[in-house]
Every structure is written in structure tokens, then in C-alpha cells.
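Architecture and fold: a report
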Amino acid sequence: MIVELGHFALILALLVAVVQVVVPAFGAHVRDERMMRVAEPAAISQLLLIAIAFFALMHAYVTSDFSVLNVAENSHSTKPLIYKMAGVWGNHEGSMLLWVLILALFGAAVALFGNNLPPTLKARVLSVQASIAVAFLLFSLLTSNPFVRLDPAPPDGNGLNPILQDPALAFHPPFLYTGYVGFSIAFSFAIAALIEGRIDAAWARWVRPWTLAAWMFLTIGISMGSWWAYYELGWGGWWFWDPVENASFMPWLAGTALLHSALVMEKREALKIWTVLLAILTFSLSLMGTFIVRSGVLTSVHSFAVDPARGVFILAILVFFTGGGLALFALRAKDIQPGGLFQPISREGSLVLNNLLLVTAAATVLVGTLYPMALEGLTGEKISVGPPFFNMTFGPLMIPLLIALPFGPLLAWKRGDLLGAMQRLAFAFLAALVTVVTVYAVEHRGPWLAPFGIALGVYVMAGAIIEWANRVKLGSAGRDEIVRRATNLPRSAYGTLFAHFGVGMLMVGIVATSAYREEHILAMKPGDRVMVDGYQVTFTKVERGRGPNYTEDIADFNVKRDGETVATLQPAKRLYDAPPQPTTEAGIHAAWRGDLYVVIGDAQPGGGYAVRAYFNPLVRFIWLGALFMFFGGGISLSDRRLRVGAPARTRAAMPVPAE
Amino acid sequence: MTRKQKRGVLIGGGVATLAIALILVLFALKDSIVFFHTPSDIVEKGVLPGQRIRLGGLVEQGSVVRGEGTTIRFKVTDTLKDIPVTFTGVLPDLFKEGQGVVAEGVLDGHGGFKADTVLAKHDENYMPRDVAKALEAKGVKLGASAHPGQLKAEMP
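Source: prediction; values computed, not measured.

1. Some remarks on the overall build of chain A
Looking only at helices and strands, one finds 22 helices and eleven strands in chain A. Computed over C-alpha atoms, the radius of gyration of chain A comes to 27 Å, within 12% of the 26 Å expected from 2.2 N^0.38 for 659 residues, which places it in the range of a compact globule. Referenced to the eigenvectors of the C-alpha coordinate spread, the extents of chain A come out at roughly 80 × 75 × 55 Å. Counting the 659 residues in chain A, one finds 53% classified as buried. Contacts spanning at least 24 positions in sequence make up 74% of the contacts within chain A whose residues lie at least 6 apart.

2. Thoughts on the overall build of chain B
A count of helical and extended segments in chain B gives four helices and seven strands. When the helices and strands of chain B are read in sequence order from the N terminus, they spell out α-β-α-β-β-β-β-β-β-α-α. Buried positions account for 32% of the 156 residues belonging to chain B. A separation of at least 24 residues holds for 49% of the contacts in chain B among residues at least 6 apart in sequence.

3. Re the environment of Leu 112 of chain A
Residue placement: Leu 112 of chain A occurs in helix α6 (residues 92–113). For the pair Leu 112 of chain A and Glu 552 of chain A, spaced 440 residues apart in sequence, the C-alpha to C-alpha distance is 50 Å.

4. Focus: the sheet that holds strand β10 (residues 594–603) of chain A
All names here are of chain A. An order of β2-β11-β10-β9 is seen for the four strands of this open sheet, with the pairing classed as antiparallel. Sheet topology places β2 (518–524) and β9 (587–591) at the edges, where each strand pairs with a single neighbour. The average undirected angle you get between the axes of adjacent strands in this sheet is 10°. Pairing of β2 with strand β11 (residues 609–617), which is carried by seven bridges, proceeds in the antiparallel orientation. For Ala 523, the partnering residue across the bridge sits in β11 and is Ala 610.

5. Side note on the interface of chain A and chain B
The interface is formed by 46 residues belonging to chain A together with 40 residues belonging to chain B. Sort the elements by how many residues they give to the side of chain A that touches chain B and helix α14 (residues 347–379) of chain A lands first, with eight residues. Its residues assigned to classes, the side of chain A that touches chain B shows 24 nonpolar, 18 polar and four charged. Of the strand pairs in this sheet, strand β1 (residues 383–385) of chain A and strand β1 (residues 33–37) of chain B are connected by three bridges, and their pairing is antiparallel. Opposite Ile 383 of chain A, over in β1 of chain B, you have Phe 35 of chain B as the bridge partner.

6. As for the domain arrangement of chain A
A common way to report how large an interface is uses the accessible area buried once the components associate. Residues and elements named next belong to chain A. Looking at chain A, the domain boundaries give domain 1 (1–160), domain 2 (167–396), domain 3 (398–516 + 632–645) and domain 4 (518–620). Domain 3 and domain 4 are separated by 38 Å when their C-alpha centres are compared. Each partner contributes residues to the interface: domain 3 has five residues there, and domain 4 has five residues. Its residues assigned to classes, the side of domain 3 that touches domain 4 comprises three nonpolar, two polar and no charged.

7. Focus on the environment of Leu 315 of chain A
Residues and elements named next belong to chain A. With respect to the helices, strands and loops of the structure, Leu 315 is situated in helix α13 (residues 309–332). Classification of Leu 315 as partly exposed rests on a count of 17 C-beta atoms within 10 Å. Between the C-alpha atom of Leu 315 and that of Ile 292, which follows or precedes it by 23 residues, the distance is 9.5 Å. In this structure, Leu 315 is in contact with Phe 291 and Ser 295, ignoring residues within four places of it in sequence.

Reading guide: rules and limits
Residues numbered from 1 in each chain as written. Chains lettered and ligands numbered in written order. Predicted model: local features only at pLDDT ≥ 70, side-chain atom pairs only at ≥ 80, totals over all residues. Helix = DSSP H or I, 4+ residues; strand = E, 2+ residues; numbered from the N terminus. Rg over C-alpha atoms; globule rule 2.2 N^0.38 Å. Buried ≥ 20, exposed ≤ 12 C-beta atoms within 10 Å, placed from the backbone. Contact = placed C-beta atoms within 7 Å. Pairing = 2+ DSSP bridges. Axes fitted to C-alpha atoms, helices over the stretch in contact; angles between N-to-C directions. Nonpolar A, V, L, I, M, F, W, Y, C, P; charged D, E, K, R; others polar. Domains from an automatic or database assignment.

Given below as C-alpha cells:
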């Protein structure tokens with residue numbers, strides 16, 4: 001009954017969305033206020049209806065209602081409650097329902113908090129947002145309906161893939177989708193503004209918080225996925241350049257570019273055409289990612305051709321919104337008035353460079369992701385494009401980006417002083433130099449370029465602090481003055497500090513882990529020991545254990561450093577009941593200097609185990625860096641000037657001189 | 001600088017960045033892609049020893065030899081031909097006799113294959129996509145669990 005109610009609510013949501021597309025758009029066209037105002041209640045009821053559908057499905061999962069095909073295929077009665085709930089989005093149909101739920105959530109948020117928007121713009125934004133919802137609700141209902149019944153109901157379900165039964169992965173999709181789908185708002189704003197024919201600094205001010213929120217969630221979603229891969233897949237790797245990862249990384253790169261170009265537009269009214277184009281492209285990459293992950297094209301180009309309904313449907317959605325958006329852009333872009341002028345060496349110039357490099361990097365990732373699929377489709381030849389491709393293409397583009405990064409905030413708008421910025425960055429150059437020398441002195445292994453990579457990260461971190469120190473006049477003003485300036489600095493300045501500092505940390509972590517990882521593969525019996533980067537690791541015993549829905553062999557490793565026990569690691573090999581599938585659980589001892597990471601393989605005839613032990617230096621910096629970027633985004637979002645619905649303060653009232 | 005010159009700098013910078021990226025992509029596509037072959041492909045297409053490839057097929061029943069050390073031997077078969085593979089390390093969770101596998105490495109020139117990576121990445125139907133497709137193309141009948149969609153049919 002509840003399942004049918006959910007199904008019905010989803011159909012009703014589709015009808016509401018159709019109304020939300022048509023009525024407000026027509027109302028905005030004929031300037032009828034009552035018709036335009038239909039958008040708000042429509043957006044909110046659309047959200048409520050999709051939420052009813054979503055929770056109806058969740059109810060079926062929690063109560064293990066195996067008469068629902070989707071539940072029978074993806075759940076099992078003995079699964080812990082949290083994974084029954086997370087199981088809702090651990091499959092194609094359910095994850096598409098989550099997709100539309102988040103889409104509706106953003107639409108309703110604009111309806112509720114977008115009070116300062118001009119009524120016609122608001123009506124059009126919500127209309128465009130609803131048109132995306134119509135497309136995906138149709139997709140869900142016609143090709144991926146999660147509410148299909150199964151008769152007779154099987155006694156128990158197939159279960160959720162055990163490697164997905166993990167806390168980090170349970171919450172990875174909601175965060176990731178919030179980011180992915182959140183860029184739809186930037187898209188809707190861009191299309192609405194193109195229809196409206198009015199694009200100015202105010203537009204950028206409205207778009208930026210939504211883009212920032214989406215970007216934050218995408219950042220944390222991607223890093224959760226990476227963290228999960230690190231400890232769950234048992235390879236000690238954290239990024240594989242897998243098409244599924246790339247699918248979320250491309251919108252992130254474009255979204256990062258969009259955040260920065262919208263900044264230029266808001267402050268200087270420049271780059272208007274580019275920012276609008278970027279808003280369209282960013283969401284198009286989100287749609288492209290959805291296509292790659294959800295169409296079956298990944299399983300095989302071949303299987304995609306055999307069962308094309310889903311793939312062709314998403315492809316049609318992608319073509320309609322990207323093609324339609326770009327066509328409208330081509331028609332209207334020439335009417336956009338060019339904005340403020342600037343010299344190449346200026347804040348604007350540095351942000352253009354940022355955009356150029358980020359978008360080019362996204363394009364190389366796109367080529368590396370689509371080329372194998374295209375080649376297989378056209379010639380039948382199968383290739384894999386792995387990390388070497390991306391290291392050769394993506395890597396070199398990041399170097400100038402990171403070198404230029406600290407300069408940006410130090411250059412003035414319109415016309416910057418490059419030499420002055422270099423002088424202010426002297427301390428950062430010095431920090432980089434000291435890093436190179438220190439790393440060479442400490443580490444003799446690894447590629448010769450690695451110390452420079454770490455130094456580049458340190459330079460970015462130092463640059464972020466220098467910018468802040470500069471603004472509070474650290475070193476030149478008195479203590480009280482510094483405190484006063486530090487407290488009066490807008491929160492967005494702290495956001496920049498944290499986010500840019502995080503980028504530096506991320507770089508340090510990536511280079512250190514990739515270049516100086518220590519790896520041991522050996523056969524060990526209880527009593528054997530191995531030295532891993534100064535840790536004495538002793539294999540003590542293996543025991544058989546039983547979890548809620550699995551049996552496991554848990555090994556015990558005693559870890560000593562300088563003769564003292566610092567940790568006991570318990571890597572395990574689990575065998576789940578349903579589906580019967582093994583997983584590897586890594587034993588990790590985390591410290592600032594790096595992670596000791598131990599996994600066991602299968603038992604060998606002589607009573608031994610194959611053991612992999614790694615030391616991953618500074619690997620925590622990767623996720624810590626991402627966390628800093630997330631918090632930086634959050635601090636920036638809480639800035640009064642950006643807060644959704646907050647009245648704009650006049651420039652004169654601002655406590656800090658204009659940047 | 002005049003407006004025109006400024007625009008020139010922007011466009012020039014953009015074109016230069018794209019050109020560099022294009023050159024990098026072309027070089028990378030030439031040097032760093034890895035072709036996928038089944039054991040019979042290797043014979044048919046004359047893959048040379050030392051060339052990095054991905055070898056895909058099924059792990060032959062009864063062929064896995066785990067020694068006391070960390071080197072593991074097994075055979076990869078597409079039911080027409082098989083190739084002995086050596087691999088040093090810990091096998092992935094889903095490595096199993098009779099099931100699909102992808103090994104990355106080089107031919108050793110003596111009829112064997114030396115893998116440095118073994119993938120048993122797969123979808124929920126226990127078969128890496130490259131393997132399933134390549135085997136089907138060779139007319140190999142796969143077990144029920146290997147076919148996408150068969151899970152539904154198996155349920156009561």
C-alpha cells in the first residue's frame with residue numbers, strides 16, 4: 001500500500017513539475033504576477049511529493065518488503081538497519097530517485113529563500129529547474145521505476161554488494177549528488193537570465209551561493225569516495241582515474257572554475273559571457289557524468305546497445321539540455337554588454353588563467369574518459385586509459401595553476417603589480433626552497449621531481465597565509481590593530497584562506513604518498529615480523545569471527561616503534577552471507593607522518609598468509625586538504641554578503657577597505 | 001594596452017593553453033594506452049613480448065597454484081587457448097577459479113605472461129565487462145551468473 005502511495009506520489013510530482021514548467025514561464029512572458037507565483041508552491045509540493053515517494057521506498061527497504069522487485073534485488077533481511085536505509089540509493093532505480101529528490105530540494109530552496117530575486121527571474125529559474133525535473137521524473141517512471149512489484153515475493157532478497165556495506169560509502173552518494181545536482185541551479189539561472197536578456201553583477205551574486213554550496217558537497221562527496229576506496233578496496237590507493245570517479249571530477253573542475261569566474265563577474269562585471277557559458281557547461285558535465293554512470297555504457301558499450309532504453313533516454317536528456325542551453329547561449333550571447341576592462345596582469349587576469357587551466361584540465365579528463373568508449377564503439381578495439389595518461393596530461397596543467405594561485409589574491413583588480421606580489425610572496429618562495437632542501441636531505445628514494453612537487457604544495461599553503469597576514473597587516477601594525485583587522489575581515493576572506501590552504505595540503509599529500517610510498521608484499525606466518533618505515537610489525541595470530549551478516553578471519557598485528565607498542569592492527573578477510581562475496585578490511589595505524597596500512601590475503605597451504613604492508617607518507621593530508629576546502633566553502637557561504645536572502649549592504653558600511 | 005591588444009593576450013593565452021593540452025593528450029594517447037586481449041587474440045594478433053597489455057579471460061579451473069611465497073601461478077583461458085600467468089602479490093577479493101579476471105603486464109617471450117596487476121573488478125554479476133564481451137564474441141557460453149539480467153530470472 002505504502003509502495004503504491006509512493007508510486008502515485010512520484011507520478012503526481014511529474015504533473016506538478018509540468019505545471020511548474022509551463023505556468024510561471026508563461027506568466028513571466030506576459031508579466032502576470034499570479035501565474036509567476038505558481039512556481040513557489042509548485043516547487044515546494046514537488047519536493048514533498050518526491051520525498052513521499054523516496055520515503056515510501058525507504059520504508060519498503062527497512063521492512064524488507066521483497067514483493068518490491070527493487071528491494072528483492074538489492075536488499076536482504078539480515079542486513080544491518082543502516083545499510084537497509086542506504087540500500088535505497090545503492091542501486092540504479094533508487095539512486096535516480098535520490099537524484100530527483102535532491103533536484104527538487106534545490107528548486108524548493110530557491111522558492112523559499114530566493115526572496116530578493118526579481119519576480120520574473122525567479123519564475124523563470126524555477127520553470128527551467130522544473131523542466132530538468134520533468135525529464136528525470138519521466139526517466140525514472142518509464143525506464144527505472146523502483147516501485148515495480150514482484151509476484152510471488154521471494155522469501156529473501158539478493159543482498160547489497162558487501163563492499164558497499166560501509167559507513168563512508170553509505171553517505172557518499174547523497175553528498176555527491178547534492179554537489180552534482182546542485183549545479184542545476186547555476187544552469188537554471190543561466191538559462192533564465194538568457195531568456196530574460198539581462199545579465200549583470202547582481203546575477204552573479206545570486207548564483208554564487210548556490211554554486212558554492214554545490215561545490216562544497218561535491219568536494220566532500222568525492223573525497224569520501226576516495227577515502228572509502230583507500231581503506232575498503234585494500235590496495236592502499238586513493239584515486240584510480242576510473243570513469244566513475246572522472247564522472248564526478250569533471251563537474252568539480254568546471255564548478256571550481258565557475259566559482260572563480262562568478263567572483264569576477266560579481267565584483268567587476270567582467271567575464272559575463274564566459275560565466276554564463278561555464279554555468280551551462282558545468283551542469284552539462286554533471287549530466288554527462290550521470291550518463292556515464294547510469295546508462296550502462298560503462299558495463300560495456302555492447303550491453304548498452306542491447307538494452308538501450310536507459311542510455312538513449314539519458315543521452316536524449318543530455319543532448320536536449322546541453323544542446324538547448326548552448327543554442328540559446330549562441331542566440332543571446334551577442335546581446336550581453338561587455339563589462340569592466342582589465343590588464344592581463346590583474347586579479348581578473350589571474351582568475352582568467354585559473355579558468356583556462358581548470359577548464360582545459362576538465363577537457364583532458366573528458367577525452368581520457370570518453371576516448372576508450374568511443375574507440376570501442378567505432379572499431380571494437382578495447383583499450384584502457386589509466387593513470388599514466390592522466391599523469392601526462394592533467395598533471396602538467398596543474399603546475400602553472402598552483403604556481404599562479406597565490407598571486408591571484410595579491411593582485412589588485414584591473415591592474416596588478418606583479419613585482420610587488422612577488423616581493424610579498426618572498427616568504428612563500430623561501431618556504432618552498434627550504435622544503436626542497438629538507439626533502440632531499442631526508443629522502444633519497446623517489447623521483448627527483450617529487451621534492452619540487454611537495455615544495456609547490458608548501459608554497460601554496462604559505463601563499464594562503466601571506467595573503468591573510470597581508471590583509472591584517474601582520475608585522476607592520478600593532479597588536480590591537482591586527483586583532484581588529486582580523487575580526488573585521490569578511491568571512492569570505494577566511495574562506496579563501498582555508499580553501500587555498502587546503503589545496504596546498506592536498507598537493508603535499510598527493511606527491512608525498514605517490515613518490516615515497518613503501519610497499520612490502522610477503523608471506524607471513526604467526527610470529528613473523530617485518531620492518532615498515534621504522535615500524536616493527538609482528539604477525540601474532542588469526543582468529544575466526546562472526547559479524548551481523550558475515551564471517552571473518554581477523555588477523556592480529558602488533559606494531560612497535562622504538563621498542564614500544566603503538567598499535568594493534570586487525571586487518572580482516574570477510575565472507576558475506578548474501579551475496580556470498582569476500583571483502584578485505586584493511587588495518588590502518590594513522591599518524592601525522594603517514595599511515596601504516598596492512599591487509600591480509602588468502603590463507604596459504606602451510607598456514608601462512610600473503611600480507612601486504614604499506615607505509616603511505618602524509619596520506620592524511622589528502623583528505624584533510626579536501627576537508628579544509630569544504631570548510632573554506634562553508635565559511636565563505638556564511639558570509640553576510642553572500643547569504644541567501646540577506647539584503648545587500650552598501651559598500652560604505654563595509655568595515656574593510658575594498659579589496 | 002588597447003582593448004584590442006588585451007583581447008589578443010586573452011585569446012593568445014587560451015589558444016596556447018589548448019595547444020599544449022592537445023599535444024600532451026596526443027602524446028599520452030600514443031604512449032600510455034593499454035590494449036585488451038584474450039589468450040587467442042594474443043596468438044592471432046601476434047602481440048610481442050615486452051609490450052604492455054591487459055589479458056582477459058577466465059581463471060582456469062584447478063590451475064591456481066599458491067606457493068609458500070607470494071608468487072601465484074594460474075592460467076587464463078578463453079576456452080580456446082590458455083596462457084600461464086605469474087603474479088607476485090595479494091590477489092583481489094573476487095579472484096576465483098572459473099571466474100573472470102583481467103591481468104595487466106607483459107608476455108615473457110616463453111609462452112607465459114608476467115602480471116604486475118590483477119583486477120577482478122566486475123559488476124554485480126561477477127564478470128569484468130571486457131571479459132564477458134570478449135568471451136561472448138568468441139562464442140563462449142557463460143554460466144547463468146555471468147549474464148546480466150539473469151539474476152532476476154533465477155529468483156522464484
